[in-house]
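Residue strings, one per chain:
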Amino acid sequence: MNYIKITGLKIFAHHGVLEEETRNGQDFYVNAKLFYDMNRAAETDEVTDAVHYGEVCQVITQFLQEHTYKLLERAVAETMKEVLCRFPLLDGIEMELCKPHAPIPLPFDNVSVTQSLYWHKVYLAIGSNMGDKQQYLEHAVEVLRRDDDFRDVKTSAWMVTKPYGGVEQDDFLNGAIEVRTLLAPQQLLVRLHEIEQQAGRERLVHWGPRTLDLDILFYEDKVINTLDLVIPHIDMQNRRFVLEPLCELAPMHLHPILQKTVKQMLEELD
């Protein structure tokens, strides 16, 4: 992917474990790569189609000067998130924070921490079959839209479906969500569980009734199989209430294991 490279941005700031570091401050240096699709900017030659790297430098400088962290790891992570939220054209950032005056009682040139952060496209299933079902779904979508860790939230139409799994209960209102997130898969799972809990979700009966159900269907093309997280979502190819709304948003998205598109899986189910 194309990127803009910033090298040796000097910033006087107050980060460190020791009290004198946060009190007196010291010089830090930032190296960064700003990843984004440059094709449109290359075609139009318009500033509005490009990432203004001068403004990015100002944001990095201001953020690191206005906040104080003990660890470079935290300083880098929070700064990257600030940059990605402030510049919507960016797809990702790699950042190195250098601390050449770190309190090390030995000869050395530099100490630095390098991390990267990207927006990831994910697809979620959402459903409810208790209370005001539509209100539960719409509130969950609004929570995602207000959260800085998410952007570009799109939803399918809501559809009424029969319960799955053999437990007698009310019909579901189901849909699918397309969204970009800064969260890693495990972090995303935790955040979705928090949203469910805020809606009063109780996990009492497997495949039983619930106020709100949020599941990760796809996380880009990742394949994950752990005790608490399976991506792509298990058995989705047999679930019409998953495939129909998902097909509205991403008919050509390829299942990385089955090597079939969402549209193909739905057609086979038909």
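A quick note: this is a predicted structure, and the numbers were derived from the prediction, not measured. (Residues numbered from 1 in each chain as written. Predicted model: local features only at pLDDT ≥ 70, side-chain atom pairs only at ≥ 80, totals over all residues. Heavy atoms only, no water.)

**Some points on the packing of helix H3 (residues 53-66) against helix H4 (residues 72-86)**
Then, number 1: Running from amino to carboxyl end, H3 crosses H4 at an angle of 140 degrees, the nearest separation of the two axes being 10 Å. With respect to their mutual orientation, H3 and H4 come out oblique. Considering the relative orientation of H3 and H4, their crossing is right-handed. Taken together, the residues of H4 that come into contact with H3 (itself represented by Val56, Val59, Ile60, Phe63 and Leu64) are Ala75, Glu78, Thr79, Glu82, Val83 and Arg86. (Axes fitted to C-alpha atoms, helices over the stretch in contact; angles between N-to-C directions. Helix = DSSP H or I, 4+ residues; strand = E, 2+ residues; numbered from the N terminus. Parallel < 35°, antiparallel > 145°, perpendicular 65-115°, else oblique. Left-handed = near helix turned anticlockwise from the far one by under 90°. Contact = heavy atoms within 4.5 Å.)

**Re the pattern of salt bridges**
Then, number 1: Applying the stated criterion to the full structure yields 17 salt bridges.
Then, number 2: Lys10 is paired through a salt bridge with Asp27; the nearest N and O atoms lie 3.7 Å apart. Taken together, the residues Lys10 in strand E1 (residues 3-13) and Asp27 in strand E2 (residues 26-35) connect sequence positions 17 residues apart.
Then, number 3: Between Arg23 and Glu19 there is a salt bridge, and its shortest N-O distance comes to 3.6 Å. A residue pair is termed a helical-turn pair when its members lie 3 or 4 positions apart in one helix, as Arg23 and Glu19 do in helix H1 (residues 19-24) at 4 residues.
Then, number 4: By relative accessible area, which is 59% here, Glu19 ends up exposed. (Salt bridge = Lys/Arg side-chain N within 4 Å of Asp/Glu carboxyl O. Buried < 20%, exposed > 50% of the residue type's maximum accessible area, 1.4 Å probe, protein only.)

**What about the packing of aromatic side chains?**
Then, number 1: Throughout the structure, instances matching the rule amount to 2 aromatic pairs.
Then, number 2: Pairing Phe35 with Tyr118 gives two aromatic rings, centres 5.6 Å apart and planes at 45 degrees, and the pair type is tilted. Of the two residues, Phe35 sits in strand E2 while Tyr118 sits in strand E4 (residues 112-118), which places them 83 residues apart along the sequence.
Then, number 3: Its relative accessible area of 9% is what places Phe35 among the buried residues. (Phe/Tyr/Trp six-rings, centres within 6.5 Å; stacked < 30°, edge-to-face > 60°.)

**Some remarks on the pairing of strand E5 (residues 120-128)**
Then, number 1: Most of E5 sits out of view: 8 of its 9 residues are buried.
Then, number 2: Across 9 bridges, the pairing between E5 and strand E8 (residues 172-181) is antiparallel. Residue pairing across strands places Ile126 opposite Gly175, the latter belonging to E8.
Then, number 3: Judged from the 6 bridges that link them, E5 and strand E9 (residues 213-219) form a sheet pairing that is antiparallel. Residue pairing in the sheet places Tyr123 in a bridge with Phe218 of E9. (Pairing = 2+ DSSP bridges.)

**Notes on the sheet that holds E4**
Then, number 1: With antiparallel pairing, the 4 strands of this open sheet are ordered in space as E1-E2-E3-E4. In this open sheet, the two strands that pair with only one neighbour each are E1 and E4. Across the sheet, the axes of successive neighbouring strands diverge by a mean angle of 15 degrees, strand direction being ignored.
Then, number 2: Relative to E4, strand E3 (residues 92-98) is paired through 7 bridges, and the arrangement is antiparallel. The residue bridging Met95 from the neighbouring strand is Gln115, located in E4.

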